[in-house]
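# A look at the structure
The lines below spell out each chain.
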Amino acid sequence: MSQKMTIRQRFVAGEAISRIADDMEVDRKTVRKYARETDFNETPPVIKRREFPCLEEWREFIDGLLEADRKSWRKQKLTARRVWDLAMEQGCLACQSTVERYVRQWRQVHTVERESMLELVWRPGEAQVDFGQADVIEGSAVVRRHFLVVSFPYSNMAYLQLFGGETAECVCQGLADVFARIGGTPARLVFDNATGVGRRRGEVITESELFARFRTHYGFEVAFCNPRSGNEKGNVENKVGFLRRNLLTPMIEVPDIARANEVLLGACEALHYGRVHYKHDRTTPDLFEADRACLRELPRVVFEAVTYKVMRTDRYGAITVGKHHYSGDPGKSLADVVVRLGAHHVGILEGATHEVLALHARQWGDKPTSSIDVASQLRVLTIKGRGWTNSAIRGQLPEDLVETLDAMESTPRRHAIAELVESMEASGVEATLKAVARVQDRGRAVDFTAVGALAARISGYGLDPTPLPGPDLAVYDALRGVVS
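What counts and what doesn't
- Residues numbered from 1 in each chain as written.
- Predicted model: local features only at pLDDT ≥ 70, side-chain atom pairs only at ≥ 80, totals over all residues.
- Heavy atoms only, no water.
- Pairing = 2+ DSSP bridges.
- Helix = DSSP H or I, 4+ residues; strand = E, 2+ residues; numbered from the N terminus.
- Axes fitted to C-alpha atoms, helices over the stretch in contact; angles between N-to-C directions.
- Phe/Tyr/Trp six-rings, centres within 6.5 Å; stacked < 30°, edge-to-face > 60°.
- Buried < 20%, exposed > 50% of the residue type's maximum accessible area, 1.4 Å probe, protein only.

The strand order across the open sheet built from 3 strands is β9-β10-β14, with neighbouring strands paired in mixed fashion. Strands at the two margins of the open sheet, each flanked by one partner only, are β9 (319-321) and β14 (369-371). With direction set aside, neighbouring strand axes in the sheet form an average angle of 25 degrees. For β9 and strand β10 (residues 324-326), the ladder comprises 3 bridges, and the chain directions are antiparallel. Within β10, the residue paired with I319 across the bridge is Y326.

Structure below.
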């Protein structure tokens, strides 16, 4: 207990000032002063500004830098470390921490408007949407891909989907896959000022045509954040980094993005399993049930997140989207075709019947690429068999298959290629090539007529499926008196 409080308490208890002074060996004037004091409230501390005497001759230079920096673009402002570097170049010998404290104090004094943070309350069934970027391994190359994150602030649940870009097709495909996974549609979605969704300029919001149809199809409300206001969707901002660190670091191998996305949906749920909400004393999956209860019913008709364009092919029947070249049906050279742009694939369709002429994995990036549709190119060789030797498709087929076709005469080769095309159109290119490889691995001559049947089996239920359990015969054994 302080001396002041002891004197006051003894005086209030009725002791004489002289006795208190003698016992505590304090001057009577001091005792009388404290005894008569009636206000013992704590005085608020006064924050004093540092003077920084070692920066006296450099104040004008540093202040000039900071004053000019106030007009700079927000992403190109000076850091305190950079201010120290510039001062050092002029001969300042002050340490870095001193300059950093001075810069921090200067900005506190001279910042007129400081950003205010308002805690927002999110209702069950509302979601936030944003994009992030991460490096993944595709084949033998490291490529930077975009990923869509859909988070539910009420429960803190979040889902991630990988894409090549941030187009409207990617946004709508990602949202549709998440909606299908959770079994419903959020009542309200909050977006950033994203190009694929729409643009907000002042109070005017312009949505992309595909997203407007998608929103109408699912019937949810949409809101756009104010420019440079990440705090308005802080939950998903945090989830972008959280999911990147936990699911995409270290880099994952992605042989097929669409298939990887199916796995990532389950991985997101496993990541949140048992995780306790940062505010509520309940797990995220438990709280997510409240989100689910507020979801709207999914529409009966599946929405196709694609954009159609009418384009004219070149003399080889190919088209170019951006800087990416996609082969088509050479029989449709210099003709108008319908191009189907999706998040993962680009399809070239016949204009009147919409028959698929060629299907490609969608390419992304600023570097030119060239994609060849195996089935459509082989189809041409069934007519122009002599072009096999110099055809570009030879480089897209397995070496063993090329050697087998090279060894054939022209007419049998055309028949074999026709069988391959028929199988590819029915069961897919991948299943057909797997069927051929299976036969060749066993050292057999390739029966191209039978390849189609094997490819259908591969695409249907695989080569080595798990046998289905048979009926339980124990009851019959019991009837015969056999102990099983």
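What follows continues from the structure just given.
With the rule as written, the count across this model stands at 13 aromatic pairs. Residues F179 and F214 carry aromatic rings whose centres are separated by 6.2 Å and whose planes lie at 20 degrees to one another, so their mutual orientation is stacked. A residue pair is termed long-range when its members are at least 10 positions apart, and F179 in helix α7 (residues 168-182) and F214 in helix α8 (residues 209-218) qualify at 35 residues. In this structure F179 comes out as buried when scored by relative accessible area, which is 0%. Classification of F214 as buried rests on a relative accessible area of 0%. A centroid spacing of 4.7 Å and a plane angle of 50 degrees characterise the contact between F214 and Y218, whose relative ring orientation is tilted. Highlighted residues: F214 and Y218, both in helix α8, separated by 4 residues, approximately one helical turn. You can call Y218 buried: its relative accessible area is 10%. Through a chain of ring-to-ring contacts, three or more aromatic side chains come together here, namely F179, F191, F211, F214, Y218, F220, F224 and F303.

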